[in-house]
Number of protein chains: 4
Amino acid sequence: MKRTKPKYKQIVDAAVIVIAENGYHQAQVSKIAKEAGVADGTIYLYFKNKEDILISVFREKMTIFVENVKEILTKDLSTSEKLGKVVENHFRVLQDDPHLAIVTQLELRQSNKDLRFQINNVLKEYLILLDNLLDTGVKNEEFAVDLDLRLARQMLFGTMDETITSWVMNEQKYDLVSLAPKVSKMLLHGFQQK
Amino acid sequence: MKRTKPKYKQIVDAAVIVIAENGYHQAQVSKIAKEAGVADGTIYLYFKNKEDILISVFREKMTIFVENVKEILTKDLSTSEKLGKVVENHFRVLQDDPHLAIVTQLELRQSNKDLRFQINNVLKEYLILLDNLLDTGVKNEEFAVDLDLRLARQMLFGTMDETITSWVMNEQKYDLVSLAPKVSKMLLHGFQQK
Amino acid sequence: MKRTKPKYKQIVDAAVIVIAENGYHQAQVSKIAKEAGVADGTIYLYFKNKEDILISVFREKMTIFVENVKEILTKDLSTSEKLGKVVENHFRVLQDDPHLAIVTQLELRQSNKDLRFQINNVLKEYLILLDNLLDTGVKNEEFAVDLDLRLARQMLFGTMDETITSWVMNEQKYDLVSLAPKVSKMLLHGFQQK
Amino acid sequence: MKRTKPKYKQIVDAAVIVIAENGYHQAQVSKIAKEAGVADGTIYLYFKNKEDILISVFREKMTIFVENVKEILTKDLSTSEKLGKVVENHFRVLQDDPHLAIVTQLELRQSNKDLRFQINNVLKEYLILLDNLLDTGVKNEEFAVDLDLRLARQMLFGTMDETITSWVMNEQKYDLVSLAPKVSKMLLHGFQQK
DNA sequence: TATGAATGAGATTTCATTCAT
DNA sequence: TATGAATGAAATCTCATTCAT
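Here goes a summary of the coordinates provided. Quantities reported herein were computed from a predicted structural model and do not represent experimental measurements.

Topic: the interface of chain B and chain A
A common measure of how large an interface is: the accessible area buried when the components associate. With 38 residues of chain B at the contact, the number on the chain A side is 40 residues. In this assembly, chain B packs against chain A so that about 3,400 Å² is buried in total across both faces, 59% of it on carbon and sulfur atoms. Considering only the side of chain B, the residues that lose the most area to chain A are B:Leu151, B:Gln154 and B:Met186, jointly responsible for 18% of the buried surface there. The tally of links between chain B and chain A comes to four salt bridges. One salt bridge connects B:Asp146 with A:Lys185, and the closest N-O pair in it is separated by 3.5 Å. Between the two partners, chain B and chain A, sit nine residue pairs in polar contact (both at pLDDT 80 or more). Listing elements by their share of the side of chain B that touches chain A, those giving two or more residues are α6 (98-107), α7 (113-139), α8 (149-169) and α9 (180-192) of chain B. In terms of residue count, α8(B) provides more of the side of chain B that touches chain A than any other element does, 12 residues in total. Classifying every residue of the side of chain B that touches chain A gives 14 nonpolar, 13 polar and 11 charged.

With respect to the protein's contact with DNA strand E
Around DNA strand E sit 29 residues in total, of which A:Thr42, A:Tyr46, C:Gln28, D:Thr42 and D:Tyr46 are the nearest. Sugar plus phosphate, as a fraction of atoms of DNA strand E within 4 Å of the protein: 72%. Within the side chain of D:Thr42, an N or O atom sits 2.4 Å from a phosphate oxygen of DNA strand E. Listing elements by their share of the surface near DNA strand E, those giving two or more residues are α3 (40-46) of chain A, α3 (40-46) of chain C together with α3 (40-46) of chain D. Grouping the amino acids of the surface near DNA strand E by side-chain chemistry returns 12 nonpolar, nine polar and eight charged.

Some words on the interface of chain D and chain C
The interface of chain D with chain C comprises 38 residues on the first partner and 40 residues on the second. For the pair chain D and chain C, the summed buried surface comes to about 3,400 Å²; carbon and sulfur atoms form 58% of the total. When the buried surface of chain D facing chain C is broken down by residue, D:Leu151, D:Gln154 and D:Met186 rank first, second and third, together holding 19% of it. At the surface where chain D touches chain C, the tally comes to five salt bridges. Taken together, the connections running from chain D to chain C amount to 10 residue pairs in polar contact (both at pLDDT 80 or more). Of all the secondary-structure elements, those providing two or more residues to the side of chain D that touches chain C are α6 (98-107), α7 (113-139), α8 (149-169) and α9 (180-192) of chain D.

Things to note about the packing of aromatic side chains
In the structure shown here, the tally under the stated rule is 12 aromatic pairs over all chains. With 5.6 Å between their ring centres and 55 degrees between their planes, B:Phe143 and B:Phe191 make a pair best called tilted. Here B:Phe143, found in the loop between α7 and α8, pairs with B:Phe191, found in helix α9; they are 48 residues apart in sequence, far enough to count as distant. B:Phe191 gets classed as buried once you look at its relative accessible area, which sits at 0%. Directly above the aromatic system of D:Tyr174 lies the positively charged group of C:Arg150, at a separation of 4.2 Å from the ring centroid.

Description of the relation of the copies chain B and chain A
The transformation that overlays chain B on chain A combines an axial shift of 0.3 Å with a rotation of 179 degrees, and the residual RMSD is 0.4 Å. Each copy turns onto its partner about a two-fold axis. In this assembly the copies share their binding face: 97% of the residues contributing to the interface of chain B also contribute to that of chain A.

What to know about unusual backbone geometry
The phi torsion at A:Gln172 lies on the positive side, around 55 degrees, for a residue other than glycine. Here A:Gln172 shows up in the loop between α8 (149-169) and α9 (180-192).

Overview of the relation of the copies chain D and chain C
Both copies of the chain are related by a screw-like operation: a rotation about an axis and a shift along it. Least-squares fitting of chain D to chain C yields an RMSD of 0.3 Å, with the transformation described by 0.3 Å of translation along the axis and a rotation of 178 degrees. Taken together, the interface assignments show that 97% of the residues at the interface of chain D recur at the interface of chain C, consistent with an identical surface on both copies.

Topic: helix α9 (residues 180-192) of chain C
Compared with the 18 Å implied by 1.5 Å per residue over 13 residues, the 18 Å span of α9(C) between its first and last C-alpha is a close match. Summarising burial for α9(C): 10 of the 13 residues are buried, a large majority. Along α9(C), the residues classified as buried are C:Ala180, C:Val183, C:Ser184, C:Met186, C:Leu187, C:Leu188, C:His189, C:Gly190, C:Phe191 and C:Gln192. On its buried face, α9(C) is in contact with α5 (79-96), α7 (113-139) and α8 (149-169) of chain C together with α8 and α9 of chain D. C:Gln193 lies just past α9(C) and shows a positive phi near 45 degrees.

Procedures and definitions
Residues numbered from 1 in each chain as written. Chains lettered and ligands numbered in written order. Predicted model: local features only at pLDDT ≥ 70, side-chain atom pairs only at ≥ 80, totals over all residues. Heavy atoms only, no water. Contact = heavy atoms within 4.5 Å. Buried area = accessible area lost by both parts, 1.4 Å probe. Salt bridge = Lys/Arg side-chain N within 4 Å of Asp/Glu carboxyl O. Polar contact = N/O pair within 3.5 Å; in protein donor to acceptor, adjacent residues only side chain to side chain. Helix = DSSP H or I, 4+ residues; strand = E, 2+ residues; numbered from the N terminus. Nonpolar A, V, L, I, M, F, W, Y, C, P; charged D, E, K, R; others polar. Near = heavy atom within 4 Å. Phe/Tyr/Trp six-rings, centres within 6.5 Å; stacked < 30°, edge-to-face > 60°. Buried < 20%, exposed > 50% of the residue type's maximum accessible area, 1.4 Å probe, protein only. Lys NZ or Arg CZ within 6 Å of the ring centre and 35° of its normal. Least-squares fit on C-alpha atoms with pLDDT ≥ 70 in both. Expected span 1.5 Å × (residues − 1).

Interpretation note: all reported values are geometric properties and have no functional meaning in isolation.
Laid out in structure tokens, this is it:
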């Protein structure tokens, strides 16, 4: 279960491609192995089972979101500006990796409850960062003092998620990132409630 | 493929129960048949295949949402007030039918891409009503004139959806309907953008 | 799990043939199904899993031994004569069904500990009958009064088992049943210990 | 394929431990290698394949039995007394090495027919010694003149084997060696048939 | 000699769907 | 209409063995 060796990364990347191109239920281990250029059995030197591959895909890729957002949060910007950057980042990461967008928005949701539970655990770290951001906005009075943090975060995440899913289901035909400012603007107005 | 005979409804209702109680992947046709009190083969006199049962579940239940929203839209209320009623209705219908909430928010999402595309088609009628509502709000200047209708609707639906999913994943432990006013308030501020 | 329908018996009989001809580890479910003239899946309408087929083979066939011995025990014969008949019966049943002999003496012993534990449970009924026979012989003073029943039964069963296994490993080349009198005679002398 | 180097013995001993503790089917080559403190690949410098390890286990351990029996046969004792010593030796060797008892009586019997045929070949040397002993007993008229040597040996070995297997399956809870005199006595009466 | 990462063949079981009755 | 026994395709994972170092 070495998570640093290049072969580990090879397999994770192969999994994203195979799932995106074949769909969750047609992403057999043998297909992933072939795409990664290894034998079927080799997969099991790096992953406990198939579910472990999928959760790893999500964990590895989620890192990008989390790292980026962490960096944004350290910047010398207003909370509103930071929120704008967060939305833009979320859209950009997925627009830049169309395979990943399909996997996170459509395919990985077909997983069973167990796997989704694990995915949610990974997601939690990201959601906490969003919570922190919103909390800061309330504290420094950029957002309404009586803002319900949980609802606000659900609005933030739900809006981004639905926007991206629609974009993916429309076959990524339009430019997602360019919608970020409008989305941020609406969300900010919602949070400001002056 | 008679959709009026009582047995048709029996099977749809059985499907909701079986899926809610066993989960999507454990909802075998034979279980649904047993719950409905018919033989496995009988299912296929009323439904083309398993997918057809699931899409029917969604279609039948969606009717409630659509009927309620249509009625709300005919009322003599401001667009903002109507939007509040729509959010409350969405929350109330699912709070009143916990099985249905589990099925729509968690279980049916595990279906494959094909089925989800079909579900989205059924959903479209509901989304169009939301679009109409938002459009009216823009036209009568309750909402910002430059509101991007599609994004606004994605924010509206995405927020409601994420809020309900969180509630279901928290085992429906708190009162969902009582959150509706706060959610509406945030959304309205977002749409007004004065 | 119908154990009376003809298909159940068909599958058990097919299993004996397939195991005898291919060996335990080459007796795939699909081979058994083919030999029985049913689809692979049909097996699972009658058996919980593969292990259940194998234990059923043993249980069904063991019945013959048990029935025969029970009948012998009711006869109006001396204990020594009954013991002779028991040995002869044991040899005859296996000589008459060469496939079964291979399965019980060689193939089924390759099963894992779990299955062997279950097989031993089935065997126990037969061993108890042997115990009863020996006990009667002690009580009516045909056998030594200080005979250790457990050891005596282990000698009885162990001798029969080893004799048959040797015969099977010699490809059943000689007449097994004709050896029964000599075997009984030795055993009886052992038990009598005058 | 050096059978003298210490690593060869290391591996054989490791195999006995691993099989006894994990069972035949859970005794993977990698486990044996680990227990022996060598790399998986190293095994194949000393053994042709896995089967070769197992047969070697049997061959190495069988030596103890054979040596002991050979020594007994040279002693200045009656055939009956020698037979008593042989039974006692057989019981004692296995009682003194509980791992070995489990391996020979339960685990190695799960091997496939091929391996068991090879094991029987190794066993043959031991069985020939038993044959010789019995033959001497006939020649010097301690045993019945018309004793069927093969059957007598099958009774001797089968009885010992069944007795030990029962003891192992009863988790070696009672003293096996102390049963030897009773077992010998029964066998001797069987062979004497006066 | 020794290593251990990589290989890849192979089989049980599930379950949507059919069809003879 | 209704039944339910029968079908059969399809995929994860293990582990003995190899071979480059």
